[in-house]
Amino acid sequence: MVNTTRPQSPAPTTPGTGRIILLTTSHRVAPGLLSWPAWQALRSADRVLCADGAHPQLPYLREAGTAVDEAAPAAGELVDACAGGRTVVVVATGEGEPDLTDGLARLAGSGRVAMPELELLPASYDLPGARLLDLVQVMDRIRRECPWSSRRTHEGLAKYAIEEAYELVEAIEEGDRDELREELGDVLLQVVFHARIAEEDPDAPFSIDDVAGGIVAKLIHRHPHVFGDETASTPEEVKEHWLRTKAIEKRRASVTDGVPLAQPGLALASKLASRVRTAGLEVPLPQGPGIGYELLALAARAEAEGTDPEAALRAAARVYRDAVRAAEGVDA
């Protein structure tokens, strides 16, 4: 589709040549929800055309009293249809009518045809996050039609969630923006995949909308300084709000409740130390033989200093890896 509403070097228009309006819509917006300029153009047009008889907008246009002809005229025929100053609106299909726009551009560039006024009129726009609807639709079809994906379970996919999370962390630490975007997509896929599987549960089904609705409600509730009457001017005050509302929600008996014990050891030790410090508890670190207690003490010290021990160890390990490769004569 051309990027401008008019060709770069149009043939001169003359009175009576009319007007062609190419009306584009987003399939990610509910049919019938069109902009006011679009409705004005449709209601004032002498003729409205659409090549796709199954276009989702057509029932709503006809319900609003707009007659739509199912036709796909060539560029020359469309120009002729505008003779006498008529306005023709073309409701574009999903592809955007590239053949038609290319044909009109060729006619305009020839200089031999008195061209109608050409206008590209977006009738609906994608809102931020609209492509998530595409992901949900694609995942739904894959779940129904793919022999591998249709047999997956939450349990069978669990390991991939862990792998993708680690790959995302690596992309962040490497500072690779392209890799970061890709890995975020892979993590998002895990969420959508699990939600799609959850729809089929016979006892307690839920959907991606339930997942999104739950996290939206949680974020609003835990940010009273944004969505309510509370105030917070520092990160510390924000954290205080978060912990207070979370404690009310969870009603936990211990500060250790909710800490996943299956996470990597350094992260587990750091999380426990953080919970203890935040709660203002005085709990001496246990002493014992072996390196495990030494690592526990190091993780607690790192957390108190504001250092993520897992990230620190990974950074040191990467330096060690590079040293090994250098010793082997392998390029880093």
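Structure shown above.
Note that the coordinates shown come from a computational prediction; the quantities given were computed from them, not determined experimentally.

Caption draft 1: Representation of the sheet that holds strand S5 (residues 117-122) within the structure. An order of S3-S2-S4-S1-S5 is seen for the five strands of this open sheet, with the pairing classed as parallel. Every interior strand has two partners, whereas the edge strands, strand S3 (69-70) and S5, have only one.

Caption draft 2: Seen up close, the pairing of strand S2 (residues 47-50). Pairing geometry for S2 and strand S4 (residues 87-91), over three bridges, is parallel. The partner of Arg47 across the bridge, within S4, is Val88. Judged from the two bridges that link them, S2 and S3 form a sheet pairing that is parallel. Residue Leu49 lies in a different strand from S3, and its bridge partner there is Asp69. Following the chain from S2 across helix H2 (residues 58-63) to the adjacent parallel S3, one finds a crossover that is right-handed.

Caption draft 3: Molecular detail of a nonpolar patch on the surface. Nonpolar side chains collect at one region of the surface, where Ile215, Val216, Leu219, Ile220, Val226 and Phe227 lie side by side and expose about 530 Å² of accessible area between them. Those elements giving two or more residues to the nonpolar patch turn out to be helix H8 (208-221) and helix H9 (224-227). At four residues, the largest contribution of residues to the nonpolar patch is made by H8. Topologically, Ile215 is positioned in helix H8.

Caption draft 4: Region of interest: the packing of helix H11 (residues 265-279) against helix H12 (residues 291-304). Contact geometry of H11 with H12 gives a least axis separation of 8 Å together with a crossing angle of 55°. Overall, the two elements H11 and H12 adopt an arrangement that is oblique. In the packing of H11 onto H12, the handedness of the crossing is right-handed. Two secondary-structure elements touch here, H11 through Leu266, Ala269, Ser270, Ala273, Ser274 and Arg277 and H12 through Leu295, Leu296, Ala299, Ala300 and Glu303.

About the cut-offs
Every residue gets a number counted from 1 within its own chain, in the order that chain's sequence is written. At least 70 in pLDDT is required for a residue's local features to be given in this predicted model, at least 80 for side-chain atom pairs to be given and counted, and no such filter applies to totals for whole chains, interfaces and linings, which use all residues. The basis for the side-chain values is all heavy atoms of the structure; hydrogens and waters are excluded. Strands were regarded as paired on the criterion that DSSP finds at least two bridges between them. Starting at the N terminus, helices and strands are each numbered in turn, a helix being any DSSP run of H or I of at least four residues and a strand any DSSP run of E of at least two. Assignment of crossover handedness uses the view with strands pointing away from the viewer, where a clockwise path from the first strand over the helix to the second indicates a right-handed crossover. To count toward a patch, a residue needs a relative accessible area over 30% and no salt bridge; like charges are then connected within 9 Å, while nonpolar side chains (Val, Leu, Ile, Met, Phe, Trp, Tyr) are connected within 5 Å. Surface exposure here means Shrake-Rupley accessible area, sampled with a 1.4 Å probe, where a residue is shielded only by the protein chains that are shown. By convention in these notes, a salt bridge is any Lys or Arg side-chain nitrogen within 4 Å of a carboxyl oxygen on Asp or Glu. Fitting a line to C-alpha atoms yields each axis, with helices limited to the stretch in contact; the angle taken between N-to-C directions then spans 0 to 180 degrees. By definition in this entry, angles of less than 35 degrees are roughly parallel, angles greater than 145 are roughly antiparallel, angles of 65 to 115 are roughly perpendicular, and the rest are oblique. What makes a crossing left-handed is the near helix being turned counterclockwise from the far one by less than a right angle; a clockwise turn instead makes it right-handed. We call two residues in contact when some of their heavy atoms are within 4.5 Å.

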